[in-house]
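Geometric and topological summary
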Amino acid sequence: MNARIALAAAMLCAAAPIAGAQQSSPLADAVRAATKEAQQNLVGAAELMPADKYGYKPTAAQMSFGQLMLHVAGSNDFLCSRITGAKAPTEAKLDASAAKDVLVARLKRSFEYCTNVLANVTDAGIADSIPFFGGHKVTKAAAMVSLAADWDDHYAAAAIYLRLNNILPPTARKPE
């Protein structure tokens, strides 16, 4: 998980009793902030990778860049639906060899879905169990932390794929 998110959540949790009667949802707020950053970074990476490099794999055992982008989109739909209880969007099955613009659009839709369904999430019920990968159950809090960690993990991979193709990833670029 992004260390800044964890630190911000911990600081907000510590400050919550001081805030008095105000309703506070530091974990949900941190996940919403992470959503914006992850969307910017992962969609930015997807847009920077040339179309002819979407089949690129650093090693045979790794996902191609296109597979990575589809994996992120599917994880977004799954995790955001589990966290919120909202129905995951129905998407046409795509192959990683689909055109770049199709894969980028799919990734963007998954972030739009997460942004929309996470908009009203609070920290209420964060200790409740929810269905997770592999038929396991985890707390809502654990799923929220996993979502943010997943984005960091996959952005790190995307950044490496870009750098191996001599392309600076979004976070290494100077603001325009």
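To be clear, the structure that these remarks concern was listed above.
Anyway, here's the lowdown on the structure attached to this text. (Residues numbered from 1 in each chain as written. Predicted model: local features only at pLDDT ≥ 70, side-chain atom pairs only at ≥ 80, totals over all residues. Heavy atoms only, no water.)

On to the overall build of the chain, then. Helix and strand counts for the chain come out as 5 helices and 2 strands. In sequence order, the secondary structure elements of the chain are arranged as α-α-α-α-β-β-α. Across the 176 residues in the chain, those meeting the buried criterion constitute 39%. A total accessible area of about 9500 Å² is found for the chain, and carbon and sulfur atoms account for 58% of it. (Helix = DSSP H or I, 4+ residues; strand = E, 2+ residues; numbered from the N terminus. Buried < 20%, exposed > 50% of the residue type's maximum accessible area, 1.4 Å probe, protein only. Areas by Shrake-Rupley, 256 points an atom, 1.4 Å probe, with all protein chains shown as cover.)

Moving on to the packing of aromatic side chains. For the coordinates displayed, the defined rule picks out 6 aromatic pairs. Measuring from ring centre to ring centre gives 5.0 Å for Tyr54 and Phe65, while their planes differ by 85 degrees; the resulting arrangement is edge-to-face. Of this pair, Tyr54 sits in the loop between helix 2 (26–48) and helix 3 (65–84) while Phe65 sits in helix 3, placing them 11 residues apart in sequence. Note on Phe78 and Phe133: the rings are 4.5 Å apart at their centroids and 25 degrees apart in plane angle, and the pair reads as stacked. Placement of the pair is Phe78 in helix 3 and Phe133 in the loop between strand 1 (129–131) and strand 2 (137–139), with a sequence separation of 55 residues. You can call Phe133 partly exposed: its relative accessible area is 38%. Through a chain of ring-to-ring contacts, the aromatic side chains of Tyr54, Tyr56, Phe65 and Tyr161 assemble into a single cluster. (Phe/Tyr/Trp six-rings, centres within 6.5 Å; stacked < 30°, edge-to-face > 60°.)

We now examine the packing of helix 3 against helix 5 (residues 140–164). It is the contact of helix 3 with helix 5, at a shortest axis distance of 10 Å, that shows an interaxial angle of 170 degrees. Judged by the inter-axis angle, helix 3 sits roughly antiparallel to helix 5. Taken as a pair, helix 3 and helix 5 cross one another with a handedness that is left-handed. Judged by residue contacts, Phe65, Leu68, Met69, His71, Val72, Ser75, Asn76, Leu79, Cys80 and Ile83 of helix 3 engage Lys140, Ala143, Met144, Leu147, Asp150, Trp151, His154, Ala157, Ala158 and Tyr161 from helix 5. Along the lines of polarity and charge, the residues of the contact of helix 3 with helix 5 split into 14 nonpolar, 4 polar and 2 charged. (Axes fitted to C-alpha atoms, helices over the stretch in contact; angles between N-to-C directions. Parallel < 35°, antiparallel > 145°, perpendicular 65-115°, else oblique. Left-handed = near helix turned anticlockwise from the far one by under 90°. Contact = heavy atoms within 4.5 Å. Nonpolar A, V, L, I, M, F, W, Y, C, P; charged D, E, K, R; others polar.)

Summed over all chains, the structure comprises 1 disulfide. Bridging Cys80 to Cys114, the disulfide has an S-S length of 2.1 Å. The sign of the 105 degrees torsion about the S-S bond sets the Cys80-Cys114 disulfide as right-handed. Linking Cys80 in helix 3 with Cys114 in helix 4 (residues 100–118), this pair joins segments that are 34 residues apart in sequence. One exposure class covers both Cys80 and Cys114, and it is buried. (Disulfide = S-S within 2.5 Å.)

As a further point, take the environment of Leu164. Along the chain, the position of Leu164 falls in helix 5. Considered as a pair, Leu164 and Lys57 are 107 residues apart in the sequence and their alpha carbons are 9.8 Å apart. Those residues in contact with Leu164, other than ones at most four positions away along the chain, are Tyr56 and Pro58.

The next subject is the pattern of salt bridges. Side-chain pairing between opposite charges can occur once the charged atoms of the two side chains come close. Per the stated rule, a full pass over the model turns up 5 salt bridges. Here Arg32 ties to Asp29 by a salt bridge, and the two come within 2.6 Å at their closest N and O atoms. Residue Arg32 and its partner Asp29 are located together in helix 2, separated by 3 residues, close to a single helical turn. Residue Arg32 is classed as partly exposed on the basis of its relative accessible area of 22%. Shared partners join several salt bridges into a network, and the residues in it are Asp77, Glu91, Arg106 and Arg109. (Salt bridge = Lys/Arg side-chain N within 4 Å of Asp/Glu carboxyl O.)

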